[in-house]
Amino acid sequence: MEDSKYEELLDTCYSELPEVLSKKQRFEIPDVKGRVIKTRTIINNFTDISKQFNRDSAHMYRFMIKFVGVRGEVNDRGDVTLFSRFQPAMLNKGIHAYFNQFVECSYCKSPDTELLDNNLKIKCKACGHEEKIPQI
Ligand SMILES: [Zn+2]
């Protein structure tokens, strides 16, 4: 095969790649910013994370409390205090679990979704996929 023909072939192959591959940027799940004070763990950016997820922070809080299995409280500024000591890795695991279950579309993996029916259904704004989700 001639070189020029081979290059032409390559060009065609690349242009035939689905657009989503090149266009879609991977959504960065934010890291939990927290600190341990005595027997408590305080998360300072809990509200920020819920905003980036486009979720109600109270919904995410209920999930987090269940995930870590201890009681907690939320102050006026939206900082979350958990009544135990946690490593950041554990808290990040909780945030990732929430993202997977209640933010990311299970069909096309887009994070551009919304919760409907009193948080019992997730709808994807990218592909239109709808799915029931568990009550927290
Ligand atoms: Zn989707």
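This text gives an overview of the structure that appears in the document.

1. A closer look at helix α5 (residues 88-102)
With 15 residues, α5 should cover 21 Å at 1.5 Å per step; its first-to-last C-alpha distance of 21 Å lies within 8% of that length. Against the buried residues of α5 lie β1 (34-37), β2 (40-43), α3 (46-52) and α4 (57-68).

2. Things to note about the environment of Leu120
Within the secondary structure layout, Leu120 lies in the loop between β5 (113-116) and β6 (121-124). Residues Leu120 and Phe102, spaced 18 residues apart in sequence, show a C-alpha to C-alpha distance of 9.7 Å. Leaving out residues up to four positions away in the same chain, Leu120 has contacts with Lys132, Ile133 and Gln135.

3. Regarding the sheet that holds strand β3 (residues 72-74)
The sheet built from four strands is open, its strands ordered β1-β2-β4-β3 with antiparallel pairing. Because the sheet does not close on itself, it has two edges, and the strands there are β1 and β3. Averaged over all adjacent pairs, the angle separating strand axes in this sheet is 20°, with direction ignored. Across four bridges, the pairing between β1 and β2 is antiparallel.

What counts, and where the lines are drawn
Going along each chain's sequence as written, the residues are numbered from 1 onward. Where local features are concerned, this predicted model is filtered to residues with pLDDT of at least 70; where side-chain atom pairs are given and counted, the filter is 80 or more; whole-chain, interface and lining totals use all residues. What counts as a helix is a DSSP run of H or I of at least four residues, what counts as a strand is a run of E of at least two, and both are numbered from the N terminus. What a helix is expected to span follows from its residue count: subtract one and scale by 1.5 Å. Placing a C-beta atom from the backbone of each residue, one calls two residues in contact when those atoms lie within 7 Å. When DSSP finds at least two bridges between two strands, those strands are taken to pair. Structural elements are reduced to axes, namely lines fitted to C-alpha atoms, with helices fitted over the stretch in contact, and the angle between N-to-C directions of any two is expressed from 0 to 180 degrees.

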